[in-house]
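Residue-level listing of the chains:
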Amino acid sequence: MKKTILLFLLLIITTASSAQFTIWEDDFEDGDVSDWVLLDKDGNNSNWKAGKNIQLDENGAIVGGNVNILGTYNIDFTTGAPLENIEQNWAVTAPIDLSYYDGKIELNITAQTSIYDGTRNLLVYGSTSPDPESATLLGTLNLVRQTMLDAEFKDYTVDIASLVGNQTVYISLVNENTGFVGYEVDKIWITAEALLGVDDFEKSNSIQLKQNPVAENLELQINEQLINEDFSMKIYNSAGLLVKTNAVLEKNISVNALPQGIYFLVVSDGTVLKKIKFLKK
């Protein structure tokens, strides 16, 4: 039995270290983009918005399709005529934490230009501030369209390794600064290759795990000074997914609801202070 358990744990670790796993995503299925910042920088009241991709009905009128998207358009929906000015619209994500990951980090986007448009570029910017003025260009996605009326959503990828290690990261989607009909994003997500290893974190004896493996509760030995300061904790599974978070640091943390496996407790005060690996049995 012991050999079987060890083999199973080795398989988990090997799989987690060799495969990309999703650490953040938005598929716009709920139509809620309230955590995004949508900037109409040209000021004409036409901006990014959540909705359905556009299609034509049997009478040739523009109607909603069947894909939930985040889109921006440069047309009058009543007449189909292009707007008078060139759009400059920014869609900025909520802050994303990339401080706990290592290896290849990629931004993935499923997108298309809308019907009656052609092949165009979607610009991807990144920064550690929500201010677009601080953003730098990470990549240019060439959204290829081969027909006029078919849905042609395709997957595109941008390397965002330059942002790894930052606790607050903002990704911005920006339309190419030319005339266009529309951009439509079906899904956006970030994948990572690995969690940072324990040795990548600052050594600290202020926080220790009293027992390992853990059955129901993480019992921590904590320097009393840390209890009264602004420390938070997060628990990640072996695949790098966040499974539990606490806004405050506590000496006793329930993990009873977590399935058996390997986990990482990460303690932070804005920067990573301590990372502890434990086995939930």
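Residues numbered from 1 in each chain as written. Predicted model: local features only at pLDDT ≥ 70, side-chain atom pairs only at ≥ 80, totals over all residues. Heavy atoms only, no water.

Caption draft 1: Here's a closer look at the overall build of the protein chain. The number of helices and strands found in the protein chain is two helices and 18 strands. Relative to its 281 residues, the protein chain shows a buried fraction of 44%. Put simply, of all contacts in the protein chain between residues at least 6 apart along the chain, 70% involve residues at least 24 apart. Carbon and sulfur atoms make up 50% of the accessible area of the protein chain, which amounts to about 14,100 Å² in all. (Helix = DSSP H or I, 4+ residues; strand = E, 2+ residues; numbered from the N terminus. Buried < 20%, exposed > 50% of the residue type's maximum accessible area, 1.4 Å probe, protein only. Contact = heavy atoms within 4.5 Å. Areas by Shrake-Rupley, 256 points an atom, 1.4 Å probe, with all protein chains shown as cover.)

Caption draft 2: Inspection of the pattern of salt bridges at higher detail. Taken as a whole, this structure holds six salt bridges when the rule is applied. Across the pair lysine 41 and glutamate 133 runs a salt bridge, and its minimum N-O distance is 3.3 Å. Here glutamate 133 lies in the loop between β7 (120–127) and β8 (136–143) and lysine 41 lies in the loop between β2 (37–40) and β3 (49–56), a separation of 92 residues in the sequence. A residue is classified by how much of its surface remains accessible, and glutamate 133, at 64% relative accessible area, is exposed. Arginine 120 serves as the salt-bridge partner of aspartate 117, at 2.6 Å between the closest nitrogen and oxygen. On the accessibility criterion, arginine 120 (22% relative accessible area) is partly exposed. (Salt bridge = Lys/Arg side-chain N within 4 Å of Asp/Glu carboxyl O.)

Caption draft 3: Region of the structure containing the confidence of the model for the protein chain. On average, residues of the protein chain score 84 in pLDDT, and 86% of them reach the 70 mark or higher. Strand β9 (residues 154–159) holds the highest mean pLDDT among the elements of the protein chain, 98, whereas helix α1 (residues 2–18) holds the lowest, 39. Low pLDDT, under 50, characterises residues 1–18; the stretch is placed with ten contacts to residues that sit more than four places away or in other chains. Below a pLDDT of 50 lies the segment residues 199–204, which in the model reaches eight contacts outside its immediate sequence neighbourhood of four places, other chains included. (pLDDT = per-residue confidence, 0-100.)

Caption draft 4: The environment of alanine 91, seen in detail. Structurally, alanine 91 can be placed in strand β5 (residues 89–92). Considered as a pair, alanine 91 and leucine 70 are 21 residues apart in the sequence and their alpha carbons are 8.9 Å apart. With residues near it in sequence (within four places) discarded, alanine 91 still touches Trp36, Val37, Leu38, Trp48, Leu70, Ile171, Ser172 and Leu173.

Caption draft 5: Structural context of the environment of tyrosine 73. Summarising the element assignment, tyrosine 73 is placed in strand β4 (residues 62–73). Owing to a relative accessible area of 4%, tyrosine 73 belongs among the buried residues under this scheme. For the pair tyrosine 73 and glutamate 184, spaced 111 residues apart in sequence, the C-alpha to C-alpha distance is 8.7 Å. Dropping the residues within four chain positions of it, tyrosine 73 is found in contact with Ser46, Lys52, Asn53, Ile54, Leu83, Glu87, Ser114, Phe180, Val181, Gly182 and Glu184.

Caption draft 6: Quick look at the sheet that holds β7. What the five strands build is an open sheet, ordered β2-β5-β10-β7-β8; its pairing is antiparallel. The open sheet has two edge strands, β2 and β8, and neither has a second partner. Averaged over all adjacent pairs, the angle separating strand axes in this sheet is 20 degrees, with direction ignored. Bridge count for β5 against strand β10 (residues 170–175) is three bridges, and the pairing is antiparallel. Paired with tryptophan 90 across the strands is valine 174, a residue of β10. (Pairing = 2+ DSSP bridges. Axes fitted to C-alpha atoms, helices over the stretch in contact; angles between N-to-C directions.)

Caption draft 7: Structural view of the packing of aromatic side chains. Scanning the model with the defined rule gives eight aromatic pairs in all. Between phenylalanine 21 and tyrosine 101 the ring centres are 6.1 Å apart and the planes differ by 55 degrees, which places this aromatic pair in the tilted class. Here phenylalanine 21, found in strand β1 (residues 21–26), pairs with tyrosine 101, found in strand β6 (residues 101–113); they are 80 residues apart in sequence, far enough to count as distant. Of the two residues, phenylalanine 21 and tyrosine 101, both sit in the buried class. (Phe/Tyr/Trp six-rings, centres within 6.5 Å; stacked < 30°, edge-to-face > 60°.)

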